[in-house]
Structures are given as C-alpha cells and as structure tokens.
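# Commentary on secondary and tertiary structure
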Amino acid sequence: MEKVAPHAHLTVVSRFESIELVLAVVDDLLKQAELNGETRHWVGLAVREAIANAVKHGSREEEERIRVEATVEDGEVIVRVRDKGPGFDPDELSDPLAPENLLRPSGRGIFYMRKLMDDVEFRFDDDRGTEVVLRKQISSEEDFARTEEDTG
C-alpha cells in the first residue's frame, strides 16, 4: 500500500482563539509525517505568526474566515494561509532589528516566518485576498530523528 502524504484543510473564524486549533491540526499533521519535536516547534511558530497576522491585518470583520492548507510531501512542509485582507507591500516593512524598532511591541511576525522557514511567499488577489505560503525543507535526517518525548 502506498503511503499517502499527510494533508489538512481548515477554515476557521478570524479570531485569535482559532490559532490554537490550527496549531493542533498542523502539529498532528507533522507528527503523522514523523517529524521530530524541534522541527514541529519551529514550523508551529511560523504558522502561529501567519495566523496571527491574518487575524490582525487580514480581516475586516470578526466573522470572516481564514483558510489554512497544510501538506507534507516531496521532502517539504507547505502551509498556506489565506485571508480576505487587501494585502501589503512586503518591501515596505520596517526592519525589526533597527534600533528604533527594538522596543516596538509588534512588527516581527514576518521576520520570524522568514527566519524559521526556508521560503515565505506572499500572493495578493483583489477577489481572493492575501495568501501566505510557508515552505520548510525536511529532507535532513535530523528533521525525522525520534526522541522519547516524540513517541510519548
């Protein structure tokens, strides 16, 4: 029997409370793919930031929906987060490491996503909103190393 690539599709209400549900589903998907706890942790942090940004910046109304698709296949984790927001210019973002921004309480989400994932892509469509595509290569044996904590 051929092994099916783990995947998940979710549609959640645009509320900060939805973040934990999305993270639980994505973590379960990564466990199915037999990824270790450390790899799951870093991917989870990037996904958390993407969902938080979708809630904070991508929703004009509280009852709007955020769509999430996560897949593990061909040595890669791919997570897509889509909201109804109008988008933004990624090149116009402030540098969170600049001295004047170090004490700001926000402005680091995309920076973290870019540091934690191998590729972060933004797609903007007037009709469909904004989509963030997070990609993480998982071809290294370290990504799959199992520990007692992972098996418990």
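Core analysis: the largest hydrophobic core is formed by 35 residues, its most contacted members being V47, I51 and L134. Secondary structure elements with two or more residues in this core: strand 1 (7-13), helix 1 (18-32), helix 2 (37-57), strand 2 (65-73), strand 3 (76-83), helix 3 (109-116), strand 4 (119-125) and strand 5 (129-137). No other element matches helix 2, which puts eight residues into this core. If we skip the residues at most four places from it in the chain, V47 touches V22, L23, V26, V79 and L134.

What follows deals with the packing of helix 2 against helix 3. Here helix 2 crosses helix 3 at 150°, and the two axes come no closer than 9 Å. What the angle tells us is that helix 2 and helix 3 run roughly antiparallel. Relative to helix 3, helix 2 is oriented so that their crossing is left-handed. Counted together, W42, L45, A46, E49, A50 and N53 of helix 2 and G109, I110, Y112, M113 and L116 of helix 3 form the full contact between these two elements. Of the residues that constitute the contact of helix 2 with helix 3, the class distribution is eight nonpolar, two polar and one charged.

To continue, consider the side chain of N36. Along the chain, the position of N36 falls in the loop between helix 1 and helix 2. A polar contact is formed between the side chain of N36 and the backbone nitrogen of E38, at a distance of 3.1 Å.

Once that is clear, we can look at the pattern of salt bridges. Per the stated rule, a full pass over the model turns up seven salt bridges. Its salt-bridge partner being R48, residue E20 comes within 2.9 Å of it at the nearest N-O pair. Taken as a pair, E20 in helix 1 and R48 in helix 2 lie far apart in primary sequence, 28 residues in all. By relative accessible area, which is 46% here, E20 ends up partly exposed. Note that R82 and E131 form a salt bridge whose closest N and O atoms lie 3.0 Å from each other. One end of the pair, R82, is in strand 3; the other, E131, is in strand 5, with 49 residues separating them in the sequence. We classify R82 as partly exposed; its relative accessible area is 24%. By sharing partners, the salt bridges in this structure join R82, E121, R123 and E131 into a single network.

There is a patch of like positive charges on the surface, built from R65, R67, K84 and R128. Within the element layout of this structure, R65 appears in strand 2.

What helix 3 keeps buried is the set G109, I110, M113 and L116. For helix 3, the angular spread of buried residues about the axis comes to 135°, placing them on one side. If you follow the buried residues of helix 3, they end up packed against helix 2, strand 4 and strand 5.

Within the element layout of this structure, E76 appears in strand 3. For E76, a relative accessible area of 14% puts it in the buried group. As for E76 and I138, which are separated by 62 residues in sequence, their C-alpha atoms are 5.3 Å apart. With near-sequence residues (within four places) excluded, E76 lies in contact with T71, R135, K136, Q137 and I138.

Calculation notes
- Residues numbered from 1 in each chain as written.
- Predicted model: local features only at pLDDT ≥ 70, side-chain atom pairs only at ≥ 80, totals over all residues.
- Heavy atoms only, no water.
- Core = buried A, V, L, I, M, F, W, Y, C linked by side-chain atoms within 4.5 Å.
- Buried < 20%, exposed > 50% of the residue type's maximum accessible area, 1.4 Å probe, protein only.
- Helix = DSSP H or I, 4+ residues; strand = E, 2+ residues; numbered from the N terminus.
- Contact = heavy atoms within 4.5 Å.
- Axes fitted to C-alpha atoms, helices over the stretch in contact; angles between N-to-C directions.
- Parallel < 35°, antiparallel > 145°, perpendicular 65-115°, else oblique.
- Left-handed = near helix turned anticlockwise from the far one by under 90°.
- Nonpolar A, V, L, I, M, F, W, Y, C, P; charged D, E, K, R; others polar.
- Polar contact = N/O pair within 3.5 Å; in protein donor to acceptor, adjacent residues only side chain to side chain.
- Salt bridge = Lys/Arg side-chain N within 4 Å of Asp/Glu carboxyl O.
- Patch = residues over 30% accessible without salt bridge, like charges linked within 9 Å, V, L, I, M, F, W, Y side chains within 5 Å.
- Areas by Shrake-Rupley, 256 points an atom, 1.4 Å probe, with all protein chains shown as cover.
- Lys, Arg positive; Asp, Glu negative; His and termini not counted.
- Charge placed at Lys NZ, Arg CZ, Asp CG, Glu CD.
- Arc of directions from axis to C-beta.

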